[in-house]
Amino acid sequence: MIPGSAFHATGTNLRALWQTQPAMITTTVLWAPIHRLNASIAWVTVWSPNQNDSDLSGHLLLATPETALSAIDSAAESGAVAIAVLAADADVDPNVLAAAGQEKIALASVTTALTPARLARQWCTQLVQARDRRADEALDLHEQLARALLANAGISGALRLALRPLPEVEAVAFSYFGEIVGTRQPSARIVTEVGNLFTTAKRLLGDRDWAEETQDDGTTITAATVRVWRNPEVFLAFRSTRAATDRDRLAFRHCTLAVLLELGRQQTLRRARRASVEPFLRGLDEGSLSLSDARNQLQNLGFQAVEGYRMLCLNAPVELTTGQVCSLAEDALETSGTPIVGSIDEHVYCLIEESGADQAQRLLDACVGRGFTGVRIGVSRVKSDAVNLRAAMREANIAASQQSPTQNGIQRVEDLGIQSMLAPLLSSDATTSFLAGLLGPLIERDSAEDTRLLETLVAYFNAGCHPGPTALTLNLHRHSLGNRLDRIEALLGMDPRNPQHMLTFSLAVELWKELGDSGRRVLNGTVTRP
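Each value, and the rule that gives it
- Residues numbered from 1 in each chain as written.
- Predicted model: local features only at pLDDT ≥ 70, side-chain atom pairs only at ≥ 80, totals over all residues.
- Heavy atoms only, no water.
- Core = buried A, V, L, I, M, F, W, Y, C linked by side-chain atoms within 4.5 Å.
- Buried < 20%, exposed > 50% of the residue type's maximum accessible area, 1.4 Å probe, protein only.
- Helix = DSSP H or I, 4+ residues; strand = E, 2+ residues; numbered from the N terminus.
- Contact = heavy atoms within 4.5 Å.
- Disulfide = S-S within 2.5 Å.
- Pairing = 2+ DSSP bridges.
- Axes fitted to C-alpha atoms, helices over the stretch in contact; angles between N-to-C directions.
- 1 Å grid on protein atoms, 1.4 Å probe; cavity = no way out; pocket = protein on both sides within 12 Å on 5 of 7 lines; lining within 4 Å.
- Points joined across faces, edges and corners; volume = space filled by probe spheres on them.
- Nonpolar A, V, L, I, M, F, W, Y, C, P; charged D, E, K, R; others polar.
- Parallel < 35°, antiparallel > 145°, perpendicular 65-115°, else oblique.
- Arc of directions from axis to C-beta.
- Salt bridge = Lys/Arg side-chain N within 4 Å of Asp/Glu carboxyl O.
- Expected span 1.5 Å × (residues − 1).
- pLDDT = per-residue confidence, 0-100.

## A few points about the nonpolar core
The nonpolar side chains of soluble globular proteins are, as a tendency, buried together.
Item 1. In terms of nonpolar packing, the biggest core is built from 26 residues, with Leu145, Leu159, Leu163, Leu236, Phe238, Cys255 and Val259 touching the most fellow members.
Item 2. If you tally residues by element for this core, the top one is helix α9 (residues 246-286), at six residues.
Item 3. Sequence-distant contacts of Leu159, defined by excluding residues within four places in its chain, comprise Ala171, Ala173, Gly182, Thr183, Arg184, Leu236 and Cys255.
Item 4. Ranked by size, the runner-up nonpolar core spans 25 residues in total, among them Leu442, Ala459, Leu474 and Phe505.

And the structure:
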């Protein structure tokens, strides 16, 4: 008997094995359901009633007329797919034929001068050769797919190439959000029912990566999920006019691999793009980028906002890297033009064209759909020129910071009240001059003498200009607090306790708090040190 483990590999299906025989072997198929004829045969075993193999999955069993019934019983229990009875003619015992039909085991009669062991060796060699040919074909196809994708064939090109041997199979690739990102030979029917096809694919898949179902009209829908890490990124739906075979499924696997390669290529391109985007955003945030440079970089990045633009600021959940959030934002927002996406520290900024669609909601839905929590998205007003880019960043950042850090949500800057009024001022040179003139002397005195005058002023207005709570916050006696406020008046020529000056100081304190660290660095650079 030939050891089955020596041939444990995907070979060919039963139909091909029985139809491609040399002249010295004659195989007559006596009974076989279609799914058995299309089943892959992993190896061939000479059957003996004394065998104790508990798992014969994928086996073709060779039996004599005397052992055929016991072979059928064993096949039904152990997962073998077919019985070949070695006989002098094509006739077999009617009881054997009935048993094969009852157990739905393919049955054939084989006449040959070869011994059972030599016939098993002949067939196993044929299976191994077929496996090697398929491996070579698969490697060739993988190389072709890689070359095609590097040449920008895209997902549609990859589907056409991988499914070339299957002209009757149609395929549609959907993004996570249901948009079509690639097709192969779509018929008019698929085009008109593409929404239903996506729904069917999602229903079949659930949390699985593969599923198939025969439809009422006799067609077969096979669905596949393509994941990047654990996240589903693309859904594939294959439609065939017949039941899917192992050859079909292998081609479908090639398609999923090709899509995964294309997603990897796209991510590489996106990372390269972000390498240009993030210095651009940082220059805007710090105020070091000139207007002409900003316009030139926008043009180089291919961003054209005909109807205006908005800035989104997304505070990434702690369990995600900013790179993961950037990838998700690019996927969610690319249907409305080409977004500019990049990160500064823990904030992800998305510069998007104003299209009338609620793209912030789309981005939030994408995050929630993947199970992320604590997603906070701030939305700027609509802007129309590069001169307003920094103001848009400030507005989006302030809006994002006004939300609960544990809940998902969207905050639009125009709904914030006084923060909405302050946000545009934060990126203004006039604001920098105003703060430098009013708070600059306090910053210089604190730096020279460690007097904590600016901290005192901020605490005083945070406490609503009430001396008691302010002193408690600063751990001071009320007389000491009064002395500090007197020193502020002497230094600035204005008393923060005087109602005539309170509005000026209050505005300065609010702007100072909203500036954040990067804005304060810019302000500190305008103050002359002693």
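## Describing the state of the cysteines
Item 1. Taken as a whole and assessed by the stated rule, the structure comprises zero disulfides.
Item 2. With no disulfide of its own, Cys313 lies closest to Cys350 among cysteine sulfurs, the gap being 8.6 Å.
Item 3. The structure places no disulfide on Cys350, whose sulfur is separated from the nearest cysteine sulfur, that of Cys326, by 7.1 Å.

## Some words on the sheet that holds strand β8 (residues 170-175)
Item 1. Pairing in this open sheet of five strands is antiparallel, and the strands run β9-β8-β12-β11-β10 from one edge to the other. Looking at strand neighbours, the two that pair on one side only are β9 (180-184) and β10 (210-214), the edges of this open sheet. Averaged over all pairs of adjacent strands, the angle between strand axes in this sheet comes to 15°, irrespective of strand direction.
Item 2. The strands touched by helix α6 (residues 154-162) within the sheet are β8, β9 and β12 (231-240), with β9 carrying the most contacts at an inclination of about 25°.

## Focus: the layout of surface pockets
Item 1. One number sums up the size of the largest pocket: a volume of about 430 Å³.
Item 2. Arg134, Glu137, Pro165, Arg247 and Leu250 are, among the 17 residues lining the largest pocket, the residues nearest its centre.
Item 3. At the level of secondary structure, the elements contributing two or more residues to the lining of the largest pocket comprise α5 (116-150), α6 and α9.
Item 4. Among the elements that make up the lining of the largest pocket, the one with the highest residue count is α5 (seven residues).
Item 5. Partitioned by chemical class, the residues of the lining of the largest pocket number nine nonpolar, three polar and five charged.

## With respect to the pairing of β9
Item 1. With four bridges connecting them, β8 and β9 associate as antiparallel partners. The residue of β9 that forms the bridge with Ala171 is Arg184.
Item 2. Counting the residues between successive antiparallel strands, the hairpin from β8 to β9 contains four residues, one of them, Gly178, with a positive phi of roughly 95°.

## Looking at the sheet that holds strand β4 (residues 43-46)
Item 1. The strand order β2-β7-β6-β5-β4 describes an open sheet built from five strands, whose pairing is mixed. Of all the strands in the sheet, just β2 (25-31) and β4 have a single pairing partner and so form its edges. Recorded for the sheet is a direction-independent mean angle of 25° between the axes of neighbouring strands.
Item 2. Two elements, β4 and strand β5 (residues 59-63), share four bridges in a ladder whose sense is parallel. Residue pairing across strands places Val44 opposite Leu60, the latter belonging to β5.

## Thoughts on the packing of helix α17 (residues 467-474) against helix α18 (residues 478-492)
Item 1. In contact at an axis separation of 9 Å, α17 and α18 are set at 95° when each is read in the N-to-C sense. Taken together, the axis directions place α17 and α18 in an arrangement best described as roughly perpendicular. Residues Pro467, Gly468, Thr470, Ala471 and Leu474 of α17 form the contact with α18, whose own contacting residues are Arg478, Leu481 and Arg484.
Item 2. Looking at the contact of α17 with α18 residue by residue, the classes come out as four nonpolar, two polar and two charged.

## Topic: α17
Item 1. Within the span of α17, buried status applies to Thr470, Ala471 and Leu474. The buried residues of α17 occupy one face: seen down the axis, they fall within an arc of 95°. Facing away from the buried side of α17, by more than 90 degrees, are the exposed residues Leu472 and Thr473.
Item 2. Residues of α17 that are buried in the fold lie against α16 (453-462) and α18.

## Focus on the pattern of salt bridges
Item 1. For the structure shown, the criterion picks out 24 salt bridges.
Item 2. In this structure, Asp248 engages Arg242 in a salt bridge whose closest nitrogen and oxygen atoms are separated by 2.4 Å.
Item 3. For Arg242, a relative accessible area of 28% gives the class partly exposed.
Item 4. Put simply, Glu449 and Arg487 hold a salt bridge, and the shortest N to O gap is 3.4 Å. Taken together, the residues span a long stretch of sequence, with Glu449 in helix α15 (residues 429-449) and Arg487 in helix α18 at a distance of 38 residues.
Item 5. Residue classification places Glu449 among the partly exposed positions, given a relative accessible area of 46%.
Item 6. By relative accessible area, which is 38% here, Arg487 ends up partly exposed.
Item 7. Residues joined in a network through salt bridges with shared partners are Arg270, Arg274, Glu330 and Asp331.

## As for the environment of Ala211
Item 1. Tracing the backbone through its elements, the reader meets Ala211 in strand β10.
Item 2. Overall, the relative accessible area of 9% leaves Ala211 in the buried class.
Item 3. Between the alpha carbons of Ala211 and Ala237 there is a distance of 9.8 Å; along the sequence they are 26 residues apart.
Item 4. Residues within four places of Ala211 in sequence aside, it is in contact with Leu204, Leu205, Ile221, Thr222 and Ala223.

## Description of helix α8 (residues 194-205)
Item 1. For α8, spanning 12 residues, the distance from its first C-alpha to its last is 17 Å, which sits close to the expected 16 Å at 1.5 Å a residue.
Item 2. Listed as buried for α8 are Leu197, Phe198, Thr200, Ala201, Leu204 and Leu205. Along the long axis of α8, the arc covered by the buried residues comes to 160°, so they all point the same way. Counted as exposed and oriented over 90 degrees from the buried face of α8: Asn196, Thr199 and Arg203.

## Some remarks on the confidence of the model for the protein chain
Item 1. In the predicted model, the protein chain carries a mean pLDDT of 81, and the fraction of residues at 70 or more is 89%.
Item 2. Below pLDDT 50 for its whole length, residues 1-11 participates in 27 contacts with residues either more than four positions away or in separate chains.

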